[in-house]
Amino acid sequence: MILHELIDYEILRLIWWLLLGVLLIGFAVTGGFDLGAGALLPFVAKTDIERRVVINSIGPTWEGNQVWLILGGGAIFAAWPPLYAVSFSGFYLAMFATLFALILRPVGFKYRSKRESVVWRTSWDWALFVGGFVPALIFGVAVGNVLQGVPFHFDDDLRIFYDGTTLFELLNPYAILCGLVSVAMLLMHGAAWLMLKTDGVIAERARAFGTVAALATTVVFALGGIFLWLGVDGYRFTSEIATGGPSNPLGKTVEVASGIWFENYTTYPWMMIAPALGLGLPLIAFVFIRMRKAVMALLASSLAIFGIISTVGLSMFPFILPSSVDPKSSLTVWDASSSHLTLFIMLVVAVIFVPMIVAYTTWVYRVLWGKVDEKAIRDESGHAY
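Residues numbered from 1 in each chain as written. Predicted model: local features only at pLDDT ≥ 70, side-chain atom pairs only at ≥ 80, totals over all residues. Heavy atoms only, no water.

Considering the packing of helix α2 (residues 48–58) against helix α6 (residues 118–148)
Where α2 contacts α6, the axes come no closer than 12 Å and their chain directions differ by 35 degrees. Considering the relative orientation of α2 and α6, their crossing is left-handed. Together, Asp48, Arg51 and Ile55 of α2 and Arg121, Thr122, Asp125 and Leu128 of α6 make up the contact between the two elements. For the contact of α2 with α6, the class distribution of residues is two nonpolar, one polar and four charged. (Axes fitted to C-alpha atoms, helices over the stretch in contact; angles between N-to-C directions. Helix = DSSP H or I, 4+ residues; strand = E, 2+ residues; numbered from the N terminus. Left-handed = near helix turned anticlockwise from the far one by under 90°. Contact = heavy atoms within 4.5 Å. Nonpolar A, V, L, I, M, F, W, Y, C, P; charged D, E, K, R; others polar.)

Observations concerning the nonpolar core
In terms of nonpolar packing, the biggest core is built from 67 residues, with Trp16, Trp80, Leu83, Trp261, Ile320, Leu321 and Leu331 touching the most fellow members. Among the elements that make up this core, the one with the highest residue count is helix α1 (residues 9–44) (eleven residues). Setting aside anything within four residues of it in sequence, one finds isoleucine 320 in contact with Trp17, Trp80, Leu83, Val146, Leu331, Thr332, Val333 and Ala336. (Core = buried A, V, L, I, M, F, W, Y, C linked by side-chain atoms within 4.5 Å. Buried < 20%, exposed > 50% of the residue type's maximum accessible area, 1.4 Å probe, protein only.)

Topic: the side chain of threonine 361
Relative to the assigned elements, threonine 361 resides in helix α12 (residues 340–367). Within polar-contact distance, the side chain of threonine 361 engages the backbone oxygen of isoleucine 357 at 2.8 Å. (Polar contact = N/O pair within 3.5 Å; in protein donor to acceptor, adjacent residues only side chain to side chain.)

Some remarks on empty space enclosed by the protein
A full pass over the atoms with the stated rule returns one cavity of 30 Å³ or more. Each pocket or cavity is described by its volume, and for the largest cavity that value is around 60 Å³. Of all the secondary-structure elements, those providing two or more residues to the lining of the largest cavity are α1, α2 and α5 (92–111). Counting residues per element, the lining of the largest cavity draws most heavily on α1, which supplies four residues. (1 Å grid on protein atoms, 1.4 Å probe; cavity = no way out; pocket = protein on both sides within 12 Å on 5 of 7 lines; lining within 4 Å. Points joined across faces, edges and corners; volume = space filled by probe spheres on them.)

Side note on α2
Within α2, ten of the eleven residues are buried, which leaves it mostly tucked inside the rest of the structure. Of the positions making up α2, those classed as buried are Ile49, Glu50, Arg51, Arg52, Val53, Val54, Ile55, Asn56, Ser57 and Ile58.

Structural data, given as structure tokens:
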């Protein structure tokens, strides 16, 4: 027996679908409070020293948190090549805007304090706001478009054609609503982080924004679900599913109808845990934020993120990228993966290196545990931004 045949092709595909979700959630939970804190920077910190406190609350860890995003992109590239090709082509301008915003963060961290000029530092503060707000918004907009279906199709030779035209097509009402879910969710998460890492007036301002963001997360997430039920068509197979067959997206037939994205919850009631977390945990985070229990608030917001992102994946399963112009071209877990051998080799690598990354990340957070205060910032012998 060849070694990679120890695990069925179907099981490997399912494992990599789960691992992709883990990597995306890992970035949303760790990098999410970086984005949220950046978006809150001009509002929770008024003076130069206060803004340096906020920046230094995320400065030592944001680079490590980016690893989850890189791993997620790498997993898409290697495990789901058609998904990578379609998404990076169709969302090219959106991804370029996201990349530009993310680049502003390290540049802002490094250059903000290089000059004493108020105009200089304020400009970089708003650049850091853009670096937090824009990715949060665009990630949500992308999810909203995926749920509605993306305009692409394959020809008979499996060449991919993207039939969309402009960036503004992505900014449709439902996608914008999903973008607001993402922004509210990460502002709540960032506020909880700032409560944990700072004190005094910064923590109190973060508390005020966090309470609003937590309530807004539940409200807009609920509205997104209602909109999805009433105004967005879902996708389902109408042919036999070859879960262990070759990766050929055209080897199936698919129908489109309203309410389909909710069918999995009827078939598998345990999946209701995900939307329940997405709706309920922001309210629990709200309570802990009001009680000034920062650790519990951060934990609750992390579980809320887990619930919201999991809801999307479970609702769509086994679809990972539906096609709005040619439903049979839609990409699914069962027909858009790399080969059996490739998935197995990647799994071996992931089993070795992902625990190492988790262990290292845990150690870093343990070493850097504690609050950032103005005294530490004013200490010129340190390495504060």
